[in-house]
Amino acid sequence: MAKRKQLKDLDGDVGMEDKSPAQDNEDESDEDFDMINVDFEWFDPQPAVDFHGIKNLLRQLFDSDAQIFDLSALSDLILSQPLLGSTVKVDGNESDPYAFLSVLNLQEHKDKPFIKDVITYLQRKASSSPSLSPLAGLLAQDPIPPIGLILTERLINMPSEVVPPMYTMLLEEIAWAIEEKEPYTFTHYLIISKTYEEVESKLDMEESRPQKKKKKAGNKAEQFYFHPEDEVLQRHALCHGSFEYTHQHDEGHSDSKRTFQELGIRTKPSMILIEAPKFETAVKAVSDYLKPPV
């Protein structure tokens, strides 16, 4: 089939400022950010050129637990279904993707060793969180139900407006695949993502600067989203929740993500489980929420 994705440009200038996702916005009105005009293009995944780009984005998505998985095999599987899912690029089809979205049928690929590793990991993490107990039950079934595992990631300063077209096209592509009797009839969609919490800086604690005001953390840390669409998707979820990495970062890692702010950042993986009949409504809600400004 010919390439279907021809969307371009998010209506003019898009901010690509280099900043931390947890950067304080208090002084943003006083800051001058460079704005560049970028044309974003959506493509089908290209096996010949996208392997390293998708593997790097998967490594970013799984963070410190990336070492648990065979990311090369996972990238190859994503690229083996090039008519399902999207990449977003700025320098044409031969360039590296700045974002991607794809879906894998866990039931269809359950016997592949690297997918077994993924299922085991997700089931163990879901079992560790009461909020994810419905997911733990699904993943423990034998055979596992036809759950669509959605893998999506983007560079940190990519505008969120690139997301709705990827989800909308995914719905269309799944419908086309089902018409062709391909195994993409899902009972649920499982989205892997990340959240973060602000934590007191270890550097400030060591330096003990009494003259410096520090933000006081409450009893329960506030949860923030790397992907703003996650907050919308959760409203349509059967269950969702964050959990701890198997391989924890060292204490200095949160300070390495401390740009422009007093607090460090502690990342946590998260999962969002949506029943298939509610997925289209969730995608529509994301599109409405992230609609580019007029």
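Each remark here, short or long, concerns the structure printed above.
No experiment lies behind these values; they were computed from the predicted model shown. (Residues numbered from 1 in each chain as written. Predicted model: local features only at pLDDT ≥ 70, side-chain atom pairs only at ≥ 80, totals over all residues. Heavy atoms only, no water.)

### Some details on helix α1 (residues 51-62)
The end-to-end C-alpha separation of α1 is 17 Å, in line with the 16 Å expected for 12 residues at 1.5 Å each. Here α1 has its buried residues at Phe51, Gly53, Ile54, Leu57, Leu58, Leu61 and Phe62. The buried side chains of α1 occupy one side of the element, clustering within an arc of 165° when seen end-on. Residues of α1 that are buried sit in contact with α2 (71-79), β4 (86-89), β5 (99-105), β6 (147-154) and β7 (188-199). (Helix = DSSP H or I, 4+ residues; strand = E, 2+ residues; numbered from the N terminus. Expected span 1.5 Å × (residues − 1). Buried < 20%, exposed > 50% of the residue type's maximum accessible area, 1.4 Å probe, protein only. Arc of directions from axis to C-beta. Contact = heavy atoms within 4.5 Å.)

### Let's talk about the nonpolar core
Phe62 and Leu151 are the most contacted members of the largest nonpolar core, which has 40 residues in total. Within the residue set of this core, elements represented by two or more residues are α1, α2, β5, α3 (113-127), α4 (133-139), β6, β7 and β10 (264-275). With seven residues, the single largest contributor to this core is α3. Ignoring any residue separated from it by four or fewer positions in sequence, one finds Phe62 in contact with Phe69, Leu71, Leu74, Leu151, Ile192 and Tyr245. Core analysis: the next-biggest nonpolar cluster, separate from the first, contains 31 residues, Val88, Val163, Leu170 and Val286 among them. (Core = buried A, V, L, I, M, F, W, Y, C linked by side-chain atoms within 4.5 Å.)

### Some details on the pattern of salt bridges
Under the definition given, this model contains nine salt bridges. The partner of Arg266 in a salt bridge is Glu244, with the nearest N and O atoms 2.6 Å apart. Of the two residues, Arg266 is situated in strand β10 and Glu244 in the loop between β9 (239-242) and α8 (253-256); the sequence distance between them amounts to 22 residues. For Arg266, a relative accessible area of 29% puts it in the partly exposed group. A relative accessible area of 32% means that Glu244 is categorised as partly exposed. The closest approach of N and O atoms between Asp288 and Lys284, which form a salt bridge, is 2.9 Å. Pair noted here: Asp288 and Lys284 are both in helix α9 (residues 276-289), with a separation of four residues, about one helical turn. Judged by its relative accessible area of 39%, Asp288 is partly exposed. The class of Lys284 is partly exposed, set by a relative accessible area of 48%. (Salt bridge = Lys/Arg side-chain N within 4 Å of Asp/Glu carboxyl O.)

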